[in-house]
Amino acid sequence: MSRKINMAVSFAGINLKNPVIAASGTFGFGREYSQYFDIGRLGGIAVKGLTLLPRKGNPPPRIAETPSGILNSVGLQNPGVHAFIKDEIPFIRKYNTAIIANASGNTVEDYEKITEILSDSDIDAIELNLSCPNVKEGCMSFGSTPQGVKKVVERVKKVAKKPLIVKLTPNVTDIVEIALAAQDAGADAVSLINTLLGMAIDAKTRRPILANITGGLSGPAVKPVALRMVYQVSKAVKIPVIGMGGISNGQDAVEFLLAGATAVMVGTAGFVNPYAWVETIDGIEAYMLENGVDDVNELIGGLITD
Amino acid sequence: MRLIEKINCIEKLNSDTFLMRIESENISSEASAGQFVNIKCGEGSEAFLRRPISICSIDRENKTFDIVFNVRGKGTKLLSRYDSGDEIDVMGPLGRGFTIDPSHKSIAVVGGGIGIFPLLQVLKDHPAPNKTAILGFRTRDLVVLEDSFNQYSTELLIATDDGSYGHKGFVTDLLSKKVEAQNFDMVYFCGPSVMMKLGVEVLKKHNIPSEVSVEQRMGCGIGACLVCACKTRKGSDWDYSHVCKDGPVFKAEDIIFD
């Protein structure tokens, strides 16, 4: 007898047919991976980080392999928000998946302006990037203090006409106070973690591997840190949490749901296995069938600690 | 496409260079000269990322293709340990290869070190009656695939840095001399960026067009992650293109060598 299970999750006015979202910066605008699998199977796509104007990004090398992960320093290369609206939204809309526009800026005004522009476009949510470690201005410099987060989110919330997700950096002393600041300033949800600031050195040449010297660490190496932060933040805030960091399969995703995440993002794993996203969806379903779980929502925050 | 394919054979060409022949109906029928495959070398997190490796030779009839690689680090070390009959996780063919214009009568390939490998298939596929191959190596012991390059070219010139085999010096010396006496419709480069930069400058004086195959550290290999950036001309400005999707082969005039 086949059992019917529910994979759909809803939060902050966003409806996802399953809790698996492609993480920003790893999936472009979906075009490349659409040649590998039906991207309409995804709960959502968080698109490549957008800025008001096109950005060239950082010089190469922009990637270094590290134990169980990678460091990247792309530096927000993107075609700008207007090109995204004109050229990319119509493409992604051909698929039945939520569009989450990841937005960055150098100044509070940039964040306000890009939010206004995106609010009038055909997207499902805005993910405010207050956590990119690879650019000099804006981003992580706002995201690393509760005051910085409060300042940006309050201003942006006033002009946002779409659900507002705030993406948090793990490169802080206490991520809980940052998440609370986002919540108090009006964020509809938080997503975490962005990459962990790190570096790699080539001992032979005595030079850093990345041209930018430092970069953001992602992949399985960061999973325990991400899981801990998602757990701590979920306990402290009332708004939904989107968890990410080293998720490669269904079991990893279930762990994040149990830690308190309402949805998860998968990214770096896809560089190695282009089917990682769909395999994560299938893996959650398989876990639910095996463990007699009818509704994926039952897993959220279901961690047993006694 | 991501495929699990079978290794037909693996052969040691010298102390740290290996030729691996992979059976693949898809890749052998779809691939063109200059494209690459992205290979998962180890299990799980061992050598986490895939390794992009150029296709050296395609046997469309027997549905196999060859890659040749130097053992340089973790990934290629793992790759060298595979045996005939083993399965291997391959994505490909990827990227844009060399342009082959059948109206061209005289072409040259110029390669240095591991850069020579993708040039073999250019010679195999190009219908030009005159095909010159100019290959550079550090030293005699590192000279590989001489017979294959000989078979598919009309003239083969070899340079070694130390003069232990062929011309003592660089491939660009040989190229400079060659273009004084002979015109080429197209020249194909693959090798160290300084070699390609010098070579392209030599050709510019003679108005000979060329294509270059560029190398950069890659992530996804299909154009989504944007890490493998290289500087290219865009009108009067420049922008970062991506080696995995826009390349690895570019028109020489589009590349800004740093």
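What counts as what
- Residues numbered from 1 in each chain as written.
- Chains lettered and ligands numbered in written order.
- Predicted model: local features only at pLDDT ≥ 70, side-chain atom pairs only at ≥ 80, totals over all residues.
- Heavy atoms only, no water.
- Patch = residues over 30% accessible without salt bridge, like charges linked within 9 Å, V, L, I, M, F, W, Y side chains within 5 Å.
- Areas by Shrake-Rupley, 256 points an atom, 1.4 Å probe, with all protein chains shown as cover.
- Salt bridge = Lys/Arg side-chain N within 4 Å of Asp/Glu carboxyl O.
- Buried < 20%, exposed > 50% of the residue type's maximum accessible area, 1.4 Å probe, protein only.
- Core = buried A, V, L, I, M, F, W, Y, C linked by side-chain atoms within 4.5 Å.
- Domains from an automatic or database assignment.
- Helix = DSSP H or I, 4+ residues; strand = E, 2+ residues; numbered from the N terminus.
- Arc of directions from axis to C-beta.
- Contact = heavy atoms within 4.5 Å.
- Buried area = accessible area lost by both parts, 1.4 Å probe.
- Polar contact = N/O pair within 3.5 Å; in protein donor to acceptor, adjacent residues only side chain to side chain.
- Nonpolar A, V, L, I, M, F, W, Y, C, P; charged D, E, K, R; others polar.
- Disulfide = S-S within 2.5 Å.
- Pairing = 2+ DSSP bridges.
- Axes fitted to C-alpha atoms, helices over the stretch in contact; angles between N-to-C directions.

### So, a nonpolar patch on the surface
Together, Met199(A), Ile201(A) and Ile213(A) line one region of the surface with nonpolar side chains, adding up to about 300 Å² of accessible area. Exposure remark for Ile201(A): the relative accessible area of 57% places this residue in the exposed category.

### Looking at the nonpolar core
In terms of nonpolar packing, the biggest core is built from 146 residues, with Phe37(A), Leu42(A), Phe84(A), Leu118(A), Leu192(A), Phe189(B) and Val212(B) touching the most fellow members. Residue assignment places this core across two domains, with domain 1 (2-94) and domain 2 (106-213) of chain B each supplying three or more. Core analysis: the second largest hydrophobic core is formed by 27 residues, Ala33(B), Val109(B), Ala133(B) and Val143(B) among them.

### What to know about helix 5 (residues 171-181) of chain B
Residue and element names in this part refer to chain B. Regarding helix 5, the residues found buried are Val171, Thr172, Leu174, Leu175, Lys178 and Val179. Seen end-on, helix 5 carries its buried residues on one side only, within an arc spanning 150°. Those residues of helix 5 that are exposed and angled more than 90 degrees off the buried face are Lys177, Glu180 and Ala181. On its buried face, helix 5 is in contact with strand 8 (106-112), strand 9 (130-137), strand 10 (155-160), strand 11 (167-168), strand 12 (186-190) and helix 6 (193-205).

### Brief notes about the domain arrangement of chain B
Many structure descriptions define interface size as the accessible area lost when the parts assemble. All names here are of chain B. Along its sequence, chain B is organised into domain 1 (2-94) and domain 2 (106-213). The distance between the C-alpha centroids of domain 1 and domain 2 comes to 24 Å. Facing 15 residues of domain 1, the contacting portion of domain 2 comprises twelve residues. Of all residues in domain 1, Asn14, Ala33 and Cys56 bury the most surface against domain 2, accounting for 36% of the area lost on that side.

### Remarks on the interface of chain B and chain A
With 30 residues of chain B at the contact, the number on the chain A side is 32 residues. Together chain B and chain A conceal approximately 2,700 Å² of surface at their shared face, both sides included; 61% is due to carbon and sulfur atoms. For the chain B face of the interface with chain A, the top three residues by lost area are Phe48(B), Arg217(B) and Tyr240(B), together amounting to 25%. In this structure, the connection of chain B to chain A is made through four salt bridges. Asp237(B) is paired through a salt bridge with Lys56(A); the nearest N and O atoms lie 3.3 Å apart. The tally of links between chain B and chain A comes to twelve residue pairs in polar contact (both at pLDDT 80 or more). Only strand 7 (87-94) and strand 15 (237-242) of chain B provide two or more residues apiece to the side of chain B that touches chain A. The dominant element in the side of chain B that touches chain A, judged by the number of residues it contributes, is strand 15 of chain B, at five residues. Along the lines of polarity and charge, the residues of the side of chain B that touches chain A split into 16 nonpolar, five polar and nine charged.

### Looking at the state of the cysteines
Residues and elements named next belong to chain B. For the coordinates displayed, the defined rule picks out zero disulfides over all chains. Between Cys9, a cysteine without a disulfide, and Cys56, which holds the nearest cysteine sulfur, the sulfur-to-sulfur distance is 12 Å. Owing to a relative accessible area of 24%, Cys9 belongs among the partly exposed residues under this scheme. Cys220 supplies the cysteine sulfur nearest to Cys225, a cysteine that is in no disulfide, at a spacing of 3.8 Å. The class for Cys225 is buried, based on a relative accessible area of 4%.

### Quick word on the sheet that holds strand 6 (residues 64-70) of chain B
Residue and element names in this part refer to chain B. Read across the sheet, seven strands follow the order 4-3-7-1-2-6-5 without closing on themselves; strand pairing throughout is antiparallel. At either margin of the open sheet sits one strand with a lone partner, and together these are strand 4 (51-54) and strand 5 (57-59). For this sheet the average axis-to-axis angle between neighbouring strands, irrespective of direction, equals 35°. Two elements, strand 3 (residues 36-40) and strand 7, share four bridges in a ladder whose sense is antiparallel. Bridging across to strand 7, Asn38 finds its partner in Met91.

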